[in-house]
Each structure stands twice: as C-alpha cells, then as structure tokens.
Amino acid sequence: TWIGDPHPDFTYGINLNFGYKAFDLTVFGAGSQGNDIYNYTRYFSDFNTFQGNRSRRALYDAWSPSNPGGTVPIPDANDQVSSRPSSYFIEDGSYFRLKNLQLGYTLPGALANRIGIGSAQIYLQGQNLFTITRYEGLNPEISISNNFNGDRNRNLGFDGGYMPASRTLLMGLNLAF
C-alpha cells in the first residue's frame, strides 16, 4: 500500500537584501512543500520499545474505552502489531526555515578614516532562528545519508532521529584596511 511520498511537490527559497543609508538587512529562508516523512522516532517514544518511556501523545491521546477518539494505539506491553510500519508513522514534512538574518551598520567613511581604516561594518546575525512546520519530529529538514551499499534513495524521507538545526547568534565586525 502506498502510504507516503518523500519527494516534495516543490522546494523554494527566498533571498532578500535591503539597504537604507548605512544599514543593510539580509534575509534568507528555504523550505519544501508536499513531502511526507516516516517519523521512526515514534517507534521509540510511543511504543513498548524501552520499558516505561512514553511520549505525552502516547499517554494522553491513546485509544481506550473512555477515549474512543484517541489517535494513538492503546498502551499494551504485549502489543507486537501496532509498532509495525504503517501510516501512523507518516507525517507531513512541509516546512519553512529562516536560515539566515543579518542586520549590519557601516560606519561613516570619515569616522573610519579618522581611526585609520578603510571601512568598518558591525553586524548581528542569526541562523536557524525559527522553523514553521506541523512535523512533530526534531527536524523536518532531514538529510539523505548513504547506507553501506551507497544507495542514497533508501533513506529519503526517513527520520531515524536527525538532530535539530542549531540556532546561532553572532555579533561581528568587518574591517577593511
């Protein structure tokens, strides 16, 4: 049964540069739309893989006679069926991530010359500031890794626990002599 497609309908990006007087702003974002991800981390967090560990979803959204609208299989230590590959693990992997935002200020030329340099710019930069997605895993921008025989397509759309993108804040100074 076909239960998902790791190939996005389209990928996109935006790159904007603004300048006003001595200030400049650079914005770069990227995303994908319409791809599905097999969230294998649910196997570890929602089922009896590690004794006693459960996600909040597995505890509070599990089906039971008192919760017939539950979206997670009932917790059962002897259940060997619910954790098998199924549409339960498939999630929409669409996302948009602001990858880079930089605000800079260039010192006036007269001031730069007075301190003996050609030009100077101070800037504040943020990387991976936010991600908009409904994906419940750690990172919807999963990478493709090679398996032992070099076939990269077998892992396409498979999230086996990729780490989230690090958020970075930088403050810098560009000097030209």
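Residues numbered from 1 in each chain as written. Predicted model: local features only at pLDDT ≥ 70, side-chain atom pairs only at ≥ 80, totals over all residues. Heavy atoms only, no water.

*Asks:* When you look at the overall build of the chain in this model, what are you seeing that I'm missing?
*Replies:* For the chain, the count of helices and strands is three helices and eight strands. By the burial criterion, 27% of the 177 residues in the chain qualify as buried. If you take every contact in the chain between residues at least 6 apart in sequence, the share linking residues at least 24 apart comes to 66%. Total accessible area on the chain stands at roughly 11,600 Å², and carbon and sulfur atoms take up 57% of it. (Helix = DSSP H or I, 4+ residues; strand = E, 2+ residues; numbered from the N terminus. Buried < 20%, exposed > 50% of the residue type's maximum accessible area, 1.4 Å probe, protein only. Contact = heavy atoms within 4.5 Å. Areas by Shrake-Rupley, 256 points an atom, 1.4 Å probe, with all protein chains shown as cover.)

*Asks:* Honestly, the environment of Ser45 in this entry has me stumped. Any pointers?
*Replies:* With respect to the element layout, Ser45 can be found in helix α1 (residues 41-46). Exposure remark for Ser45: the relative accessible area of 24% places this residue in the partly exposed category. C-alpha of Ser45 to C-alpha of Ala58: the two residues are 13 residues apart in sequence and 7.7 Å apart in space. There is a polar contact of 3.2 Å between the side chain of Ser45 and the side chain of Asp46. (Polar contact = N/O pair within 3.5 Å; in protein donor to acceptor, adjacent residues only side chain to side chain.)

*Asks:* Is there a simple way to think about the pairing of strand β1 (residues 10-20) in this case?
*Replies:* As a general feature of sheets, a regular strand has side chains that alternate between the two faces. Burial runs low along β1: only zero of the 11 residues are buried. Where β1 meets strand β2 (residues 23-33), 11 bridges bridge the pair, whose relative direction is antiparallel. Bridge pairing in β2 links Tyr12 to Gly31. Linking two consecutive strands that pair antiparallel, namely β1 and β2, is a turn of two residues; a positive phi of about 55° is found at Lys21 within it. (Pairing = 2+ DSSP bridges.)

*Asks:* I'm lost on the nonpolar core in this one. Help?
*Replies:* Nonpolar side chains tend toward joint burial in soluble globular proteins. Of all hydrophobic cores here, the largest spans seven residues; its members are Tyr38, Phe47, Ala58, Ala62, Val72, Tyr88 and Phe89. Leave out the neighbours within four places in its chain, and Val72 touches Arg57, Ala58, Asp61, Ala62, Trp63 and Tyr88. (Core = buried A, V, L, I, M, F, W, Y, C linked by side-chain atoms within 4.5 Å.)

*Asks:* Where do I start with the sheet that holds strand β3 (residues 36-39) in this structure?
*Replies:* Within the open sheet, the three strands sit side by side as β4-β3-β7. Their pairing is mixed. Every interior strand has two partners, whereas the edge strands, β4 (90-92) and β7 (158-159), have only one. Across three bridges, the pairing between β3 and β4 is antiparallel. Bridge assignment links Tyr38 to a residue of β4, and that residue is Ile90.

Just geometry here; none of it tells us what the structure is for.
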